[in-house]
Amino acid sequence: MNTLLGYLMIGVVRLMGLASLATAQRVGRGLGAFLWLRRTRSREVARTNLALCYPDKTAAEINAMVHDTLLQNGMTGAEMGVMWGYEPEQLLGLIRAVHHGELLDDLASGDTGVLLMVPHLGNWEIISTYVASRCQVTAMYRPAKMKVFSDWMVRRREAVGANMVPTTGAGVKELFRLLNEGRVVGFLPDQEPKRERGVFADFMGVPTLTPVLPHQMIQETGARVIYAFAERLPDAKGFDLHFIAAEEAQYDPDPVVAAAAMNKAIEQCVATCPEQYQWTYKRFKRQPEGKRNPYKAAGVP
């Protein structure tokens, strides 16, 4: 059954890859509107996250943010066909402006490894295509449960951008090796790790279990860090890419200090286009001892 579903998903994504960006985004907005009109898990997770991170906003303001978030997240999903179906030149043609791209060029041209932090904001898939047009880049991926889809996804991502390694012990070792060789490695810094692989650090006023793997890679390889995200422009005009330098605290030997600096940098990215952040993800599920899971407390399915 998983194999059949995998081929079905491949077919849907390939079909969307034949569509224009405007068509894909219309489909995505329709999906987002559907999620908004019902008490879906995505809607209630987004509401819980936004209420936690923006405690000063009124219920009406949170409602508006939830609505916009679902439309934007829907577009991110519908754009998968575009991101994995277009040729690299077509994808690069969707980029309208690159802000502070010299940060990438300066670091990538040196002998020190570069850790490229890409939060789940806007459409992160196009980042790897742009970076790959400037230098070699390798990123981690979490294998999907449907192997046939997962294998196809990796092939498509490699066809339009980065080299890929899985989130396994061997994959992690490969990233350390590449950083030690002075290569560029991409990392998604805002996924919740297992408790033993993270530390709690503040993110938008909320205690957040934050991965320590970036800190370990920095400390062991001497890698430098930059952040990147692709802001979706209105009316299917394309994307603006943003590169942001890491603060010095990112390199602190204390993993908690470094994690706090990483979360602060992600906050800075999110502030540019908050409705485009992946608020539908249960980012705060694991809490410090004595604190309740906020999703269970809110009755989120």
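These lines cover the structure that appears in this document, whether it is placed above or below. Keep in mind that this is a model prediction, so the values were computed, not measured.

**A closer look at the packing of helix 1 (residues 2-16) against helix 9 (residues 147-160)**
Taken N-terminus to C-terminus, the directions of helix 1 and helix 9 make an angle of 35°; their axes are 7 Å apart at the nearest point. Here N2, T3, G6, Y7, M9, I10, V13 and R14 of helix 1 lie close against helix 9, whose contacting residues are V148, F149 and W152. Class assignment for the residues of the contact of helix 1 with helix 9 results in seven nonpolar, three polar and one charged.

**Concerning the nonpolar core**
Residues Y54, L115, M217, V225, Y227 and W279 are the most contacted members of the largest nonpolar core, which totals 45 residues. Elements that contribute at least two residues to this core include exactly helix 3 (41-53), helix 4 (59-78), strand 2 (114-117), helix 10 (169-180), strand 5 (184-187), helix 11 (213-221), strand 8 (224-232) and helix 12 (255-272). Counting residues per element, this core draws most heavily on helix 12, which supplies five residues. If we skip the residues at most four places from it in the chain, L115 touches L179, V185, F187, P214, M217, I218, A223, R224, V225 and I226. W84, F149, V160 and A162 belong to the second-largest nonpolar core, a separate cluster that totals 42 residues.

**Some details on the pattern of salt bridges**
Applying the stated criterion to the full structure yields 11 salt bridges. When the shortest N-O distance is used, the salt bridge between R47 and E44 registers 3.4 Å. Placement of both R47 and E44 in helix 3 is noted, with a separation of three residues, approximately one turn of the helix. Classification of R47 by relative accessible area gives partly exposed; the value is 23%. Between R183 and E181 there is a salt bridge, with the nearest N and O atoms lying 3.8 Å from each other. For R183, a relative accessible area of 34% corresponds to the partly exposed category. You can call E181 partly exposed: its relative accessible area is 43%. Taken together, the shared-partner salt bridges connect E174, R177, E181 and R183 into one network.

Each value, and the rule that gives it
- Residues numbered from 1 in each chain as written.
- Predicted model: local features only at pLDDT ≥ 70, side-chain atom pairs only at ≥ 80, totals over all residues.
- Heavy atoms only, no water.
- Axes fitted to C-alpha atoms, helices over the stretch in contact; angles between N-to-C directions.
- Helix = DSSP H or I, 4+ residues; strand = E, 2+ residues; numbered from the N terminus.
- Contact = heavy atoms within 4.5 Å.
- Nonpolar A, V, L, I, M, F, W, Y, C, P; charged D, E, K, R; others polar.
- Core = buried A, V, L, I, M, F, W, Y, C linked by side-chain atoms within 4.5 Å.
- Buried < 20%, exposed > 50% of the residue type's maximum accessible area, 1.4 Å probe, protein only.
- Salt bridge = Lys/Arg side-chain N within 4 Å of Asp/Glu carboxyl O.

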